[in-house]
Amino acid sequence: MADEAKAKGNAAFSAGNFTEAIRHFTDAINLAPNNHVLYSNRSAAYASLNQYSEALTDAKKTVDLKPDWSKGYSRLGAAHHGLRQYDDAVSAYKKGLEVDPNNETLKSGLADAESAQAAALASSRSRESRAGAGNLFGDAFGPDMWAKLTADPATRLYMQQPDFVNMMKDLQRNPSNLNLYLQDQRVMQALSVLLNVKMQAHAPGDDVEMPDSPPKERKRPADEAEPVKEKKREPEPEPEPEPEPMEVSEEEREVKERKVQAQKEKEAGNAAYKKKDFETAIGHYTKAIELDDGDISFLTNRAAVYLEMGKVWNCFNCIVLWIYKLKVESILWNVMELEFGDEVKFDVEFRCVCFT
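An account of the accompanying structure is given in this report. Here the structure is a predicted model, which is why all the values come from computation and not from measurement. (Residues numbered from 1 in each chain as written. Predicted model: local features only at pLDDT ≥ 70, side-chain atom pairs only at ≥ 80, totals over all residues. Heavy atoms only, no water.)

## Let's talk about the nonpolar core
Right, on to step 1. Judged by nonpolar contacts, the single largest core of 21 residues is most densely connected at A21, L76, Y93, L106, L110 and A113.
Right, on to step 2. Of all elements in the fold, only helix 2 (18–31), helix 3 (36–48), helix 4 (52–65), helix 5 (70–82), helix 6 (86–99) and helix 7 (104–140) reach the threshold of two or more residues within this core.
Right, on to step 3. Residue contributions to this core peak at 5 residues, all from helix 6.
Right, on to step 4. Once you skip the residues sitting within four places of it in the chain, A21 turns out to touch G9, A12, F13 and A45. (Core = buried A, V, L, I, M, F, W, Y, C linked by side-chain atoms within 4.5 Å. Buried < 20%, exposed > 50% of the residue type's maximum accessible area, 1.4 Å probe, protein only. Helix = DSSP H or I, 4+ residues; strand = E, 2+ residues; numbered from the N terminus. Contact = heavy atoms within 4.5 Å.)

## Topic: helix 9 (residues 162–173)
Right, on to step 1. Taking 1.5 Å of rise per residue, the 12 residues of helix 9 would be expected to cover 16 Å, and the 17 Å separating its terminal C-alpha atoms lies within 8% of that figure.
Right, on to step 2. Listed in full, the buried residues belonging to helix 9 are F164, V165, M167, M168, D170 and L171.
Right, on to step 3. Next to the buried residues of helix 9 lie helix 8 (145–151) and helix 10 (185–194). (Expected span 1.5 Å × (residues − 1).)

## So, the side chain of D58
Right, on to step 1. Looking at the element boundaries, D58 is found in helix 4.
Right, on to step 2. A polar contact is formed between the side chain of D58 and the side chain of R42, at a distance of 2.7 Å.
Right, on to step 3. Setting aside residues no more than four positions away along its own chain, D58 makes contact with Y39, R42, S43 and Y46. (Polar contact = N/O pair within 3.5 Å; in protein donor to acceptor, adjacent residues only side chain to side chain.)

## Regarding the environment of T150
Right, on to step 1. When you line up the elements, T150 lands in helix 8.
Right, on to step 2. By relative accessible area, which is 41% here, T150 ends up partly exposed.
Right, on to step 3. In this structure the C-alpha to C-alpha distance between T150 and Q160, which are 10 residues apart in sequence, comes to 9.8 Å.
Right, on to step 4. For T150, the side chain forms a polar contact with the main-chain oxygen of W146, separated by 2.8 Å.

## A look at the packing of aromatic side chains
Right, on to step 1. For the structure on display, the rule yields 3 aromatic pairs.
Right, on to step 2. Residues F13 and F18 carry aromatic rings whose centres are separated by 5.2 Å and whose planes lie at 70° to one another, so their mutual orientation is edge-to-face.
Right, on to step 3. With 5.3 Å between their ring centres and 55° between their planes, Y158 and F164 make a pair best called tilted.
Right, on to step 4. Looking at F164, the relative accessible area reads 0%, which means it is buried. (Phe/Tyr/Trp six-rings, centres within 6.5 Å; stacked < 30°, edge-to-face > 60°.)

## Examining unusual backbone geometry
Right, on to step 1. If you check the backbone angles, N50 has positive phi at about 60° while not being a glycine.
Right, on to step 2. The residue N50 is located in the loop between helix 3 and helix 4 in this model.
Right, on to step 3. Judged by relative accessible area, N50 falls into the exposed class, the value being 56%.
Right, on to step 4. Its identity as a non-glycine residue notwithstanding, R84 has a phi of 65°, on the positive side.
Right, on to step 5. Among the structural elements, R84 can be located in the loop between helix 5 and helix 6.

## So, a negative patch on the surface
Right, on to step 1. A cluster of like negative charges, contributed by E251, E252, E254 and E257, occupies part of the molecular surface.
Right, on to step 2. Inspection of the secondary structure puts E252 in helix 11 (residues 250–274).
Right, on to step 3. The exposure class of E252 is partly exposed, given its relative accessible area of 47%. (Patch = residues over 30% accessible without salt bridge, like charges linked within 9 Å, V, L, I, M, F, W, Y side chains within 5 Å. Areas by Shrake-Rupley, 256 points an atom, 1.4 Å probe, with all protein chains shown as cover. Salt bridge = Lys/Arg side-chain N within 4 Å of Asp/Glu carboxyl O. Lys, Arg positive; Asp, Glu negative; His and termini not counted. Charge placed at Lys NZ, Arg CZ, Asp CG, Glu CD.)

## Notes on the packing of helix 5 against helix 6
Right, on to step 1. Running from N to C, helix 5 and helix 6 cross one another at 170°; their axes reach a closest spacing of 8 Å. Classified by the angle between their axes, helix 5 and helix 6 sit roughly antiparallel to one another. Across the interface between the two elements, S70, Y73, S74, L76, G77, A78, H80 and H81 of helix 5 pack against Y86, D88, A89, A92, Y93, K95, G96 and V99 of helix 6.
Right, on to step 2. Residues of the contact of helix 5 with helix 6, tallied by class, amount to 8 nonpolar, 6 polar and 2 charged. (Axes fitted to C-alpha atoms, helices over the stretch in contact; angles between N-to-C directions. Parallel < 35°, antiparallel > 145°, perpendicular 65-115°, else oblique. Nonpolar A, V, L, I, M, F, W, Y, C, P; charged D, E, K, R; others polar.)

## Side note on the pattern of salt bridges
Right, on to step 1. On inspection of all chains with the given rule, the structure shows 9 salt bridges.
Right, on to step 2. Between D144 and K148 there is a salt bridge, and its shortest N-O distance comes to 3.7 Å.
Right, on to step 3. A residue is classified by how much of its surface remains accessible, and D144, at 36% relative accessible area, is partly exposed.
Right, on to step 4. Given the relative accessible area of 34%, K148 is considered partly exposed.

See the structure below:
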């Protein structure tokens, strides 16, 4: 009788009728309660309906009844995975491979579970990083925010603009909304004031250039007499003494060369930005940061490029790093690449050693 119910359950499962299969496997279990295969089959049927709690219960019963059967651990791993209990899923698959080291199903399940485990860990770190940034900005948008913005000449006029005031009110209520306003230069200027840091309000490539030649003098009409100039004999300037050459250490010379090379990378990044070759621009700014991490303009330029590309969180993380570099004496930081939807983003995890 149990075998007949089992056969009906297998047929229903193969046809995709999982609810019917569960009913037949339950009938079989009632007739043969110590048959591990029946629990395994019903666990698979439950998992097919995304009923992972029930699948886990049957999988555990399968392993209890037959601990040396590898398929039981496969069912156990699948149920844990479905419940997003990735550590337990990894453990179940590994135990199954101890029983059957060459089982391809267990190997595949283990790989999937480890991948999901890593993604969950990365996501958790991302949330912690964003929460940390939110706390930082929450302090900036505190009760004295309005007084600071009104007192500073750089932001005083903004206080007369209703849209700016509304944005700042929103940020005061919910600092995590900062990413919604990153494209507004007024908000960035306000943020620099609130955090007591200096900020240059220009995009990459907007470096001030000197004119090629002085302005030309106005040409006089032919009938306009040239004014008579009284010639004065000016004393010849005394020659300045030549400065004595200073000895420069090898380390200082290397630092100077790196700074020069970093500026060249920045200029190349500016040129690429003007051509809207954003990936190339980011590469140059990143190289500049590697050569000279003390120049904040490299970081802010890279943030502006990310913003232009619509990669808001990349830009946001650059800004967070910029703020920490200005507010923190020593930082241990690690950049982790994450996948969010169709866009690759970066999560920056900061551990502050000593605040100024």
